[in-house]
Amino acid sequence: YQRRVHGAALEELREFLTDGLSPEVAFNVVFFADEEDFVFEDFLPVTAANVSRTFKVLETLVPSGESNTEAALLAAFDAAEEVDAVYVISGSQPTGSTSKLLQRVAQWNSRRSLPFHGVTFMGPYGNPGADRFLMQLASITGGSYRATIGPNP
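Residues numbered from 1 in each chain as written. Predicted model: local features only at pLDDT ≥ 70, side-chain atom pairs only at ≥ 80, totals over all residues. Heavy atoms only, no water.

J.: Which parts of the structure should I look at to understand the overall build of the protein chain?
T.: In terms of regular secondary structure, the protein chain is built from 5 helices and 7 strands. In the protein chain, buried positions account for 41% of the 153 residues. Total accessible area computed for the protein chain in this model is approximately 8,400 Å², and 49% of it derives from carbon and sulfur atoms. (Helix = DSSP H or I, 4+ residues; strand = E, 2+ residues; numbered from the N terminus. Buried < 20%, exposed > 50% of the residue type's maximum accessible area, 1.4 Å probe, protein only. Areas by Shrake-Rupley, 256 points an atom, 1.4 Å probe, with all protein chains shown as cover.)

Shown next, in the form of structure tokens:
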């Protein structure tokens with residue numbers, strides 16, 4: 001299950017980076033499970049070489065553990081001076097209380113007004129908890145939400 005969702009998330013991210021962003025935009029990727037980490041130390045321009053480097057890292061990851069969404073969102077807020085928007089691609093409900101996490105996000109975001117855009121998966125691997133959380137996250141931050149077709153069983 002996790003490998004299929006991971007593969008679908010990578011394809012969603014690849015499409016976004018190659019079709020949705022211009023080279024003038026700087027990007028980085030935070031991946032998360034039990035802990036979070038950035039792919040790069042700094043934000044880099046969207047170039048074919050940097051996108052390729054991103055996927056060389058991400059394709060080596062093996063999904064495991066919990067969905068520590070809070071740590072990933074906090075990492076994005078910590079990088080907020082360099083960030084104009086955050087895209088959260090997830091097929092899992094966050095670990096812990098989603099209502100408390102949404103309250104924390106609203107508190108953190110009261111100083112920055114950073115839009116969070118959520119993407120989750122429909123179909124056999126969809127997770128209603130992830131759907132609700134990402135819809136609410138987008139709603140309270142002025143972002144957008146969409147569900148995409150998930151991986152086949």
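So that's the structure; there's more coming.
J.: Just checking my understanding: could you explain the environment of N28 for this structure?
T.: Secondary-structure assignment places N28 in the loop between β1 (26-27) and β2 (30-32). Residue N28 is classed as buried on the basis of its relative accessible area, which comes to 15%. Sequence separation between N28 and V86 is 58 residues, and the spatial gap between their C-alpha atoms is 9.9 Å. A polar atom in the side chain of N28 sits 3.3 Å from the backbone oxygen of D42. (Polar contact = N/O pair within 3.5 Å; in protein donor to acceptor, adjacent residues only side chain to side chain.)

J.: Please clarify how helix α2 (residues 48-58) should be interpreted in this entry.
T.: Along an α-helix, residues three or four apart share an orientation, since each turn contains 3.6 residues. Among the residues making up α2, those that are buried are N50, V51, T54, F55 and L58. When α2 is viewed along its axis, its buried side chains cluster within an angular range of 135° and face the same direction. Those residues of α2 that are exposed and angled more than 90 degrees off the buried face are A48 and K56. (Arc of directions from axis to C-beta.)

J.: How should I be thinking about the packing of helix α3 (residues 69-78) against helix α4 (residues 98-109) in this particular structure?
T.: Two measures define how a pair of helices packs: the angle their axes make with one another and the distance between the axes. As a packed pair, α3 and α4 sit with axes 11 Å apart at the nearest point and diverge in direction by 5°. In terms of orientation, α3 and α4 fall into the roughly parallel class. Contacts between α3 and α4 involve T69, E70, L73, L74 and F77 from the first element and L101, R104, V105, W108 and N109 from the second. Taken together, the residues of the contact of α3 with α4 break down into 6 nonpolar, 2 polar and 2 charged. (Axes fitted to C-alpha atoms, helices over the stretch in contact; angles between N-to-C directions. Parallel < 35°, antiparallel > 145°, perpendicular 65-115°, else oblique. Contact = heavy atoms within 4.5 Å. Nonpolar A, V, L, I, M, F, W, Y, C, P; charged D, E, K, R; others polar.)

Bear in mind that shape data such as this cannot, by itself, settle questions of function.
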